[in-house]
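Analysis of the macromolecular model
Below, each chain spelled out in residue letters.
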Amino acid sequence: MKLDVNALGTFYQMAREGAGLAAGRLTHMTGVETQVGVTKLNFMRGQEIRRDFEDATEKVGVRVKLTGAIEGYSMIVFERESAFRIIETLLAESNSDAIDVADSEFDEMTKSAATEAGHIMNSGFVDGWADVLEAVIDVSTPEFVEGQSAELFFDGIDETPDDDDLALLFQSRIETVGTEIGFSHYLFPKRKSMSSLLDRLRTSGGIEYDKLDGFDRMAEQGAEEIANTATTLTGIDTSVEIRRLNFVSLETIPEQLPDETLVGVAFEFDGLPSGYLLFLFDEESAHEIVDAMVPMDVEEDGFGEMGTSAITELGNIMASGFLDGWANVLDTTIDHSPPEFIHDIGAAAVDPVIIQLGENQEFTFVFDTVVTADGREFDCEVYAIPDEDDLERALNDLDVDRIEDAPTTAEFQELDNT
């Protein structure tokens, strides 16, 4: 199976179009204004997908089987309280008693209402895909699922990815304006169906899917190197909590950042591939890092020379380990620029990168990683955003057998913070 940016761009257009139609139908059903949140094409391991369904929150899902231009399963997933809030809205004009969102159990009436809402929204997504593809996609009778076990949601779905398999998922989120209702949407396509679509949509030789799988494993190694480096330099035990490979529109990257002040370090890297690398912390995390790295009091409300130096030093060494690992596996040279310190509000922290990349491309792969400190307030979001043409050339030359053997080469001295 091969893919290229044109094919994935069409898939992305399908996801956005479907999300827009589903949002409109939710508004029509409930009278509540909605908006499309983040839309991504996620390349996720089976174990990561299951983790999404097995957190502490009980979930409600409505899934349908697809045949025709796309074969597989489409599934709407609500958090339990969101499902009941939609049901409350749908039944508001009936003579039914008020529903206690926190304590309610699903009965025949509420289960039917949730299933109908999920089916209408699934159909919105599917109709959007069919419009983009100019093809027919048939939808089965909807199935209602509830619980916290991933197996409950995946039971009966053909070709559910194994823990270590890399699966391509459509993932969208629609939010209601001014209310606490949200949900996620997943498309689980069959591999053969996806392969046929990719072959039809590709406009270049493309990238072997297994090469992308290998590059994802490279990113995983790089994320682990980042966590190890942060542990050594700060003395704070850290680990990789979330790591996903996403295919997104460049313009949506700023939308994914919180509307709060961020502190970070940005790099431009040059070689095969070229692109940008960013490490972003919230202010509290950045202060934790400075406190750990600088053995004296620093400014509480700012970062000053010493604080800025500590953040950029950490970023510089993490970048070297991450990119040197890529270069070793790809058997190329990747150089990076001096670190550029960032202290800005949300989207403004990444706007310069988006503007520069956007001159030549519309979409990008993003390695989206969160490094988390154990027991302390220290979260670091890592964005590796390669140039798409360079990435395709690099992946076509990738020897996947080198991935496990090629070392990362971050070199540093441990700091004495005592």
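In this text the structure is predicted, and so the values were computed from the model without any measurement.

Tallying each qualifying case throughout the model produces 12 aromatic pairs. A centroid spacing of 6.2 Å and a plane angle of 85° characterise the contact between F267 and F279, whose relative ring orientation is edge-to-face. Within this pair, whereas F267 is found in strand 11 (residues 261-271), its partner F279 is found in strand 12 (residues 275-282), the two being separated by 12 residues in sequence. One exposure class covers both F267 and F279, and it is buried. In textbook terms, an aromatic cluster arises when at least three aromatic residues are bridged by ring pairs, as seen for Y12, F43, F247, F363 and F365.

Secondary-structure assignment places S204 in the loop between helix 6 (191-201) and strand 9 (207-208). Accessibility expressed as a relative area gives 31% for S204, which makes it partly exposed. When the C-alpha atoms of S204 and N6 are compared, they prove to be 8.2 Å apart, with 198 residues separating the residues in sequence.

Our focus in this paragraph is the pattern of salt bridges. Pairs can form between side chains of opposite charge once their charged atoms are near each other. Taken as a whole, this structure holds seven salt bridges when the rule is applied. For the salt bridge of E143 with R63, the shortest nitrogen-to-oxygen distance reads 3.3 Å. With E143 in strand 6 (residues 143-147) and R63 in strand 3 (residues 59-68), this pair connects stretches of sequence that are 80 residues apart. Accessibility expressed as a relative area gives 35% for E143, which makes it partly exposed. Given a relative accessible area of 6%, R63 falls into the buried group. Here D199 ties to R202 by a salt bridge, and the two come within 3.0 Å at their closest N and O atoms. Judged by its relative accessible area of 43%, D199 is partly exposed.

End to end, helix 7 (residues 209-234) covers 38 Å across 26 residues, agreeing with the expected 38 Å (1.5 Å per residue, within 8%). Positive backbone phi, at 75°, marks G235, one or two positions downstream of helix 7.

This part is about the packing of helix 7 against helix 11 (residues 388-396). The contact between helix 7 and helix 11 brings their axes to 9 Å, and the two run at 100°. With respect to helix 11, the axis of helix 7 lies roughly perpendicular. Contact with helix 7, carried on its side by K211, L212 and F215, involves L391, L395 and N396 of helix 11 and no other residues of that element. Tallied by class, residues from the contact of helix 7 with helix 11 come to four nonpolar, one polar and one charged.

Here is what the cut-offs are and how they apply
- Residues numbered from 1 in each chain as written.
- Predicted model: local features only at pLDDT ≥ 70, side-chain atom pairs only at ≥ 80, totals over all residues.
- Heavy atoms only, no water.
- Phe/Tyr/Trp six-rings, centres within 6.5 Å; stacked < 30°, edge-to-face > 60°.
- Helix = DSSP H or I, 4+ residues; strand = E, 2+ residues; numbered from the N terminus.
- Buried < 20%, exposed > 50% of the residue type's maximum accessible area, 1.4 Å probe, protein only.
- Salt bridge = Lys/Arg side-chain N within 4 Å of Asp/Glu carboxyl O.
- Expected span 1.5 Å × (residues − 1).
- Axes fitted to C-alpha atoms, helices over the stretch in contact; angles between N-to-C directions.
- Parallel < 35°, antiparallel > 145°, perpendicular 65-115°, else oblique.
- Contact = heavy atoms within 4.5 Å.
- Nonpolar A, V, L, I, M, F, W, Y, C, P; charged D, E, K, R; others polar.

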